[in-house]
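Summary of structural features
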Amino acid sequence: MLKIDKLVKAYQFRRETVPVLHNISLEVPRGKIFGFLGANGAGKTTTIKVIVDLLFADSGTIMIDNLPHSSIKAKRLIGFMPEQPQFYHHLSAREVLLFVGELFELDPKTVETKAKNLLRQVGLADAENTVVRRFSKGMHQRLAFAVALMNDPKLLIMDEPLDGLDPLGRLDFKRLFLEQKKLGTTIFLSSHILSDVEEICDEVAIINKGQIVKQGTPQKLRGTYPTLEEYFVSTVQKQ
Amino acid sequence: MKLNGSIIKSIAINTFRETVRDKLLYSLLGFAVLTIAASLLAGSVSLGQDARVIQNFGITALLVFLLIITIFIGTQLVYREVERKTIYLTLSKPLTRESFYLGKYIGLCLTIAVCALVMGVVFLAVLRWKTGQFSTPVIWATSFVILEAWLLTAVGLLFSSFTSALASAVYTFGIVLIGHSATTIWILSQKSQGILRYVLEMVYYLFPNLEKFNLRNEIVYNFQPDLQQVLLVVAYFIAYTAAVLLAGLAIFRRDEF
């Protein structure tokens, strides 16, 4: 579903070039939940931003369902939830979803019902007419998830989706992820809450200092380590 | 350049909604309306020239406030999108950056047109109440001021695509000053020699000549612009604005967020 091949990205700070991603290659199988793990500054968010076309790759290719990632057709397949999502303060939750529906050029007749259903699904039914600036962090996360589902995506890309949620919220989100998987959606998520990743992901890749250091199923990678977290810490420290 | 009409419309409407729900706009607009209404006071202290004073005072107030609105709201919008990260919500969706940029521009132009309409109606009402006449030149002058504000919106948007909101506002204000000094710059260039002459001529041609949109003298003497003048001004507006929008787009297309 998602194929990244030899992705290279560096940032320019004044006259200095800081390499961030070095020849990253990975493949996310269709219909699976794929965890993208790494410490802060490892390159997770940069990779995600390049996939969704907010940053430009220096070299390498990214294909989504065999389409170039920056094409309009490929973007129609993606649902994106950024880290610390933000919305237009002047809009209500319902208006945000209607606006996103317009950007996807969804049928105006169905978009209203879809928005209501999604808000109910993520637990924001009572706040549909509340302006977003009054939302808590958790509510922002929930709305961001609804936004990501607005176009019935084939590929859900989420950057730290469980960040800022209380234990009940995390439980809710994990249930929603599994529901999406059942519907055939491929999920690519970055996270540093490794217990959750281990619980829901079919496959994971570990990125460290801009390079993919391991990829496989959580059980296979963990091997003899008691938890994925301990395996992750040991792998990253060895690098 | 790939443009999508329905996406541009959605972004324009959202931008318009964003600006008209901004308290700053209402404060500026309220103050503008009060100032235009206060032209009655200025008229009452003049000796038999009250209509002229009201016309001059009113159209100047309209221009100044519309430019303030353009500079403050226009230069903030794209920068605020990046600063608040709301740009992630839109640019990750199936749309081109060209559609986003043009949608923002049109939304802002719509806000400016509505503000000008409110101020223009108050101005016309004040004039009508004081003189008992309906002034067509005021409508022409207001229309030209709108064109000027739309051109400056494109300039503000260009600056805000590569610099901070404050710097964009300062630069756009600089363009307003230079643009309204175009005639002086031309006269100076013709009286200069050598490199200075070339520099001044370059400034004259490169920067927008905002004096083309100035009909303040005409309305005071109740003159109406002829068709040729109107067409020339509209053509100048279209050509200059298109060039500035294309330059802004060239930068915005390569921006990373």
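Residues numbered from 1 in each chain as written. Chains lettered and ligands numbered in written order. Predicted model: local features only at pLDDT ≥ 70, side-chain atom pairs only at ≥ 80, totals over all residues.

1. Some details on the overall build of chain B
The following threshold applies: Going along the chain from the N terminus, every DSSP run of H or I of four or more residues is numbered as a helix, and every run of E of two or more is numbered as a strand. A radius of gyration in this sense is built from C-alpha atoms; the matching globule rule multiplies 2.2 Å by the number of residues raised to 0.38. Counting other C-beta atoms within 10 Å of a residue's own tells you its class, since 20 or more makes it buried, 12 or fewer makes it exposed, and anything in between is partly exposed; those C-beta atoms are placed from the backbone. Once C-beta atoms are placed from the backbone, any two residues with those atoms within 7 Å are in contact.
Of regular secondary structure, chain B possesses 12 helices and 0 strands. For chain B, the N- to C-terminal ordering of α and β elements is α-α-α-α-α-α-α-α-α-α-α-α. On C-alpha atoms alone, chain B measures out to a radius of gyration of 20 Å, which is about the 18 Å that the 2.2 N^0.38 rule sets for 257 residues. Based on the C-alpha atoms only, the size of chain B along its principal axes is roughly 60 × 50 × 35 Å. Counting only residues that meet the buried cut, chain B has 41% of its 257 residues in that class. Summarising the internal contacts of chain B: among those between residues at least 6 apart in sequence, 82% fall at separations of at least 24.

2. A word on the pairing of strand β3 (residues 33–37) of chain A
Side-chain direction in a regular strand flips from residue to residue, so the side chains alternate between the two faces of the sheet. Residues and elements named next belong to chain A. Counted only if it meets this: By this definition, two strands are paired if DSSP reports at least two bridges between them.
For β3, the buried fraction is high: 5 of the 5 residues fall into the buried class. Where β3 lies against strand β8 (residues 186–191), 5 bridges are found, and the strand directions are parallel. Its bridge partner being in β8, glycine 35 is matched across the sheet by leucine 189. The pairing of β3 with strand β9 (residues 203–208) spans 4 bridges and is parallel. The residue bridging glycine 35 from the neighbouring strand is valine 204, located in β9.

3. A word on the sheet that holds strand β1 (residues 2–13) of chain A
All names here are of chain A. We apply this condition: Axis definition: a line fit to C-alpha positions, over the contact stretch in the case of helices; interaxial angles, taken between N-to-C directions, run 0 to 180 degrees.
Read from one edge of the open sheet, 4 strands run β2-β1-β4-β5, paired in antiparallel fashion. The strands lining the two open edges of the sheet, one partner per strand, are β2 (16–28) and β5 (67–68). Note that β1 and β2 share 9 bridges and pair antiparallel. Across the sheet, residue isoleucine 4 finds its bridge partner in β2, namely leucine 26. The strands that helix α1 (residues 44–51) touches are β1, β2 and β4 (59–64); relative to β2, the one it contacts most, it runs at about 70°.

4. So, the nonpolar core
Spelled out, the test is: Note on terminology: a nonpolar core is a set of buried residues of type Ala, Val, Leu, Ile, Met, Phe, Trp, Tyr or Cys, with members joined through C-beta atoms within 7 Å.
Counting residues in each nonpolar core, the largest one holds 140 residues, and the members touching the most others are Val96 and Ala146 of chain A together with Leu66 of chain B. With 16 residues, helix α4 (residues 50–83) of chain B is the largest single contributor of residues to this core. Filtering out sequence-adjacent residues up to four positions away, valine 96 of chain A remains in contact with Phe87, Tyr88, Leu91, Val132, Leu143 and Val147 of chain A.

5. Observations concerning the interface of chain B and chain A
This is how the line gets drawn: Throughout this entry, Asp, Glu, Lys and Arg are counted as charged residues, while Ala, Val, Leu, Ile, Met, Phe, Trp, Tyr, Cys and Pro are counted as nonpolar. The remaining residues, Gly among them, count as polar.
Taken together, the contact between chain B and chain A spans 20 residues of the former and 21 residues of the latter. Those elements that place two or more of their residues in the side of chain B that touches chain A are α1 (5–20) and α5 (87–91) of chain B. Looking at the side of chain B that touches chain A residue by residue, the class counts come to 7 nonpolar, 6 polar and 7 charged.

6. Details of the sheet that holds strand β7 (residues 155–159) of chain A
As a general point, the strands of a sheet are linked pairwise by backbone hydrogen bonds and lie either parallel or antiparallel. All names here are of chain A. Taken together, 6 strands build an open sheet; the order of strands is β6-β7-β8-β3-β9-β10 and the sheet is mixed. Because the sheet does not close on itself, it has two edges, and the strands there are β6 (78–81) and β10 (211–216). Along the sheet, successive strands turn relative to each other by an average axial angle of 15°, direction set aside. Two strands pair when backbone bridges link them, and β6 and β7 are joined in this way by 4 bridges, in the parallel orientation. Across the sheet, the residue bridging to methionine 81 is methionine 158, located in β7. With respect to the sheet, helix α9 (residues 228–238) is in contact with β3, β9 and β10, its orientation differing from that of β9 by roughly 30°.

7. What about the packing of helix α7 (residues 136–160) of chain B against helix α12 (residues 227–252) of chain B?
Residues and elements named next belong to chain B. Rules: Comment on the angle field: the value is read as roughly parallel under 35 degrees, roughly antiparallel over 145, roughly perpendicular from 65 to 115, and oblique elsewhere. Rotating anticlockwise by less than a right angle from the far helix to the near helix defines a left-handed crossing, while the corresponding clockwise rotation defines a right-handed one.
Contact geometry for α7 and α12: axes closest at 8 Å, N-to-C directions at 15°. Classified by the interaxial angle, the pair formed by α7 and α12 is roughly parallel. Judged by the sense of rotation from one axis to the other, the crossing of α7 with α12 is left-handed. For the pair formed by α7 and α12, the contact residues are Phe144, Leu147, Trp150, Leu151, Ala154, Val155, Leu157 and Leu158 on the first element and Val233, Phe237, Tyr240, Thr241, Val244, Leu245, Ala247 and Gly248 on the second. By residue class, the composition of the contact of α7 with α12 is 14 nonpolar, 2 polar and no charged.

Coordinates in, geometry out; function isn't part of it.
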